[in-house]
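# Chain and residue survey
For reference, the chains in residue letters:
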Amino acid sequence: MNDYSIDHAAIARGVPYPRNYNSELLTFARGKGVYLYDTAGRRYLDLGSGIAVNALGYGRRDLARTAARQMRRLIHVSNLFANEPALRVGERLLRTAAGVMREPPVAVHFGNSGSEANEAALKYARLYALRSRGAGHHKFLCFENGFHGRTIGALAVTPNPKYRDPFLPLLPDITVCPYNDVSALERIVSDEYAAVIVEVVQGEGGLRVMTPEFAAALSRLCAQHDVLLIADEVQTGLGRTGTLYASQQREFKPDIITLSKPLAAGLPLSATLIPDRVNRLLNLGEHGSTFGGGPVTTAVAEQVLATIEAPRFLMQVQQRARELDTLLDSLQSGRHSVTGVHGLGLLRGVELAVDTERAATVLSTVLERMRAAGVLILRSGTNVVRIAPPLTITAAELERGVTALDRELRQLESENWFETGGTE
Ligand code: PMP
């Protein structure tokens, strides 16, 4: 073992973070490309990119220059006024999503986080249902293992008890449907609903991918009952799955799309894209945000979008995704610790052969051992290791990361950490 380790000195000094954050502290000082460097100068290959945020990698001078230039020019104006970068990013987002949504979007609400993007979507849906159909059509439908954020509204459509139980009661009139279950969906969806909120790939819930049948049924049923279909593309959007929007990979026609994580390359920014039939019913002052769509975050977002939209960029992501497929295929074959590989593009999950009780311990151990080997990787759901590297990762870097995972899983298998092939 080498000396990649926890920052015990910082822990001893006392960490000014609340206890809901991990006490195993690793303090990072800087980043370059796909690598992060801790305060002792040790280097880590980052297969998590700040939970799918740092899509363009670390230490980008071009982005830093853009942010600095904009800060010198104008840092903030309130939403009582417009600013140039926000106008340009708004137009760009509308253009890119035009063929993806059921009706082309005509407006973008900017916020600061994925949760806020979803809050806006849910509020717009309520307002649309009320003003277009009257009272009694306000329910929300969400899905098992879905994740939409931690604010009270977004949490109310996030069924995982671990996140929500301490905060009950949340919002009433929310139904949870099994994901990818077309007949359950057909039984539930009715005009009592204002919106359905769903992910094309369940980023926090184990990387399950929406089946084509389910995508088609969702689109059909929502259109039939005039229920707004909200695609939460906070984690999947902007190139992560190999297309600009994951929705493009299915016969899936959302009415609203929410975006955030990679939008401003690590600065806080989110976007909620809405069609005309929603926008025309909104009145002045009915929703808002102090910082959302500020000139610095949107100036950076403009550059992020220009980078990701360049034709070669997405082709390269698709190429990396194919390489990752091959690597994960061989990781899975002959490995009794792995029961499945899920996800799309560069958002993948490796499901481990562990029962629910031991899953948390085993996952922590995998993540710790990977970290000791100088590779950062994520968890998702109860028993899934998540891989979401910067989209700029090279084939060699990807291979190095997956090889490290392969090695650590093999070692853990030999120590009998997994369900089959030997018991403790
Ligand atoms: N939706 C999805 C699909 C997410 O993955 C996340 C964050 N993991 C959120 C919403 C919430 O985003 P934030 O933490 O920025 O509020």
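Conventions adopted
Residues numbered from 1 in each chain as written. Predicted model: local features only at pLDDT ≥ 70, side-chain atom pairs only at ≥ 80, totals over all residues. Heavy atoms only, no water. Salt bridge = Lys/Arg side-chain N within 4 Å of Asp/Glu carboxyl O. Helix = DSSP H or I, 4+ residues; strand = E, 2+ residues; numbered from the N terminus. Near = heavy atom within 4 Å. Polar contact = N/O pair within 3.5 Å; in protein donor to acceptor, adjacent residues only side chain to side chain. Areas by Shrake-Rupley, 256 points an atom, 1.4 Å probe, with all protein chains shown as cover. Expected span 1.5 Å × (residues − 1). Buried < 20%, exposed > 50% of the residue type's maximum accessible area, 1.4 Å probe, protein only. Arc of directions from axis to C-beta. Contact = heavy atoms within 4.5 Å. Phe/Tyr/Trp six-rings, centres within 6.5 Å; stacked < 30°, edge-to-face > 60°.

All chains considered together, the criterion is met by 21 salt bridges. Notably, a salt bridge pairs Glu302 with Arg88, separated by 2.7 Å at the nearest N-O pair. Of the two residues, Glu302 is situated in helix H11 (residues 295-309) and Arg88 in helix H4 (residues 84-97); the sequence distance between them amounts to 214 residues. Overlapping salt bridges bring together Arg102, Glu103, Asp226, Asp255 and Arg277 as one network.

Attention now goes to the site of the ligand. Of all residues adjacent to the ligand, which total 13 residues, the nearest are Gly114, Ser115, Glu204, Asp232 and Gln235. A distance of 2.7 Å separates a nitrogen atom of the ligand from a polar side-chain atom of Asp232. Contact between the ligand and Gln235: an oxygen atom at 2.7 Å from a side-chain N or O atom of the residue. Considered on its own, the ligand offers 390 Å² of accessible surface; in the complex 82% of this is hidden by protein. In terms of residue count, the dominant contributor to the shell around the ligand is helix H5 (residues 114-133) (3 residues).

Our focus in this paragraph is helix H12 (residues 311-332). Look at H12: 32 Å from first C-alpha to last across 22 residues, which is about the 32 Å you get at 1.5 Å a residue. Phe313, Leu314, Val317, Arg320, Ala321, Leu324, Leu327, Leu328 and Leu331 are the residues of H12 that are buried. For H12, the angular spread of the buried residues around the axis is 130 degrees, confining them to a single face. Away from its buried face by more than 90 degrees, H12 exposes Pro311, Arg312, Met315, Thr326 and Asp329. Buried residues along H12 sit in contact with H11, strand E11 (338-344), strand E12 (347-352), strand E15 (384-387) and helix H14 (395-414).

Taking 1.5 Å of rise per residue, the 20 residues of H5 would be expected to cover 28 Å, and the 28 Å separating its terminal C-alpha atoms lies within 8% of that figure. Just past H5, the residue Gly134 takes up positive phi, approximately 90 degrees.

Here the structure, examined in full by the defined rule, presents 5 aromatic pairs. Measuring from centroid to centroid gives 5.5 Å for Phe28 and Tyr44, while their planes differ by 90 degrees, and the two rings are edge-to-face. Linking Phe28 in strand E1 (residues 28-32) with Tyr44 in strand E3 (residues 43-46), this pair joins segments that are 16 residues apart in sequence. When its relative accessible area of 32% is taken as the criterion, Phe28 is described as partly exposed. Judged by relative accessible area, which is 0%, Tyr44 ranks as buried. Ring plane angle 65 degrees and centroid distance 5.9 Å describe the contact between Tyr179 and Phe214, whose orientation is recorded as edge-to-face. With Tyr179 in the loop between strand E6 (174-177) and helix H8 (182-188) and Phe214 in helix H9 (residues 212-225), this residue pair connects regions lying 35 residues apart in the sequence.

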